[in-house]
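# Structure at a glance
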Amino acid sequence: MSAYILFDNLTVTSPEDLETYKSQVAKVVEKHQGKYVVLGGKTRVVEGSVTPSYLVMIQFPSFEMAEKWYDSDEYKDLKALRLSATTSTGVIMEGLPV
């Protein structure tokens, strides 16, 4: 069953560090069989009071593979860089079978 990680980058505190992160993260995502399905873009809130800023969604073949990527040694330093460069939220969610 596929899984998705949804991040919302609410604020950027270090644009330079975020650019460094962005230049390196895609190859680590790909190595773990992930693929970007949302990378920013226009949003429209149709229910509730959520205020998305910059949404990023990555699809993985399974929940376990999404967790493995997020907790991997390859992503560890990049994750720390992103967390120091932004205020963000993130959630891993199970999806439909691929």
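Just so it is clear, the structure is predicted and the values come from calculations on it, not from any experiment. Position labels on residues start from 1 in each chain and follow its written sequence. For this predicted model, a pLDDT threshold of at least 70 governs which residues receive local features, and a threshold of 80 or more governs which side-chain atom pairs are given and counted, while totals over whole chains, interfaces and linings are taken from all residues. Where side-chain values are given, they derive from all heavy atoms of the structure, hydrogens and water being excluded.

### Things to note about the sheet that holds strand 4 (residues 86-94)
Heads up, the rule is: Two strands make a pair as long as DSSP finds a minimum of two bridges between them. Secondary structure counts use DSSP, requiring at least four H or I residues in a row for a helix and at least two E residues in a row for a strand, with both numbered from the N terminus. Every angle, taken between N-to-C directions, lies between 0 and 180 degrees, and every axis is a line fitted to C-alpha atoms, over only the stretch in contact when it is a helix. Here, two residues are considered to be in contact whenever any of their heavy atoms come within 4.5 Å of each other.
A sheet is described by the order of its strands in space; here four strands give the open sequence 2-3-1-4, paired in antiparallel fashion. The sheet is open, and its two edges are formed by strand 2 (35-39) and strand 4, each paired on a single side. Adjacent strand axes in the sheet meet at a mean angle of 20° when their direction is disregarded. Relative to strand 2, helix 1 (residues 15-31) is tilted by about 140°, and along the sheet it contacts strand 1 (3-12), strand 2, strand 3 (55-60) and strand 4. Taken strand by strand, helix 2 (residues 63-70) contacts strand 1, strand 3 and strand 4, and its axis lies near 40° from that of strand 1.

### Considerations on the side chain of Thr-86
Defined as follows: Exposed residues in this analysis have more than 50% of their type's maximum accessible area, buried residues have under 20%, and partly exposed residues fall in between, with area computed by a 1.4 Å probe over protein chains only. Polar contacts here mean pairs of N or O atoms no more than 3.5 Å apart (in protein, one a potential hydrogen donor and the other a potential acceptor; neighbouring residues in sequence count only if both atoms are side-chain atoms).
Mapped onto the secondary structure, Thr-86 falls in strand 4. According to the relative accessible area criterion, Thr-86 is buried, its value standing at 6%. Of the polar contacts made by the side chain of Thr-86, one reaches the backbone oxygen of Arg-82; its length is 2.8 Å. Residues within four places of Thr-86 in sequence aside, it is in contact with Asn-9, Thr-11, Val-12, Thr-13 and Leu-18.

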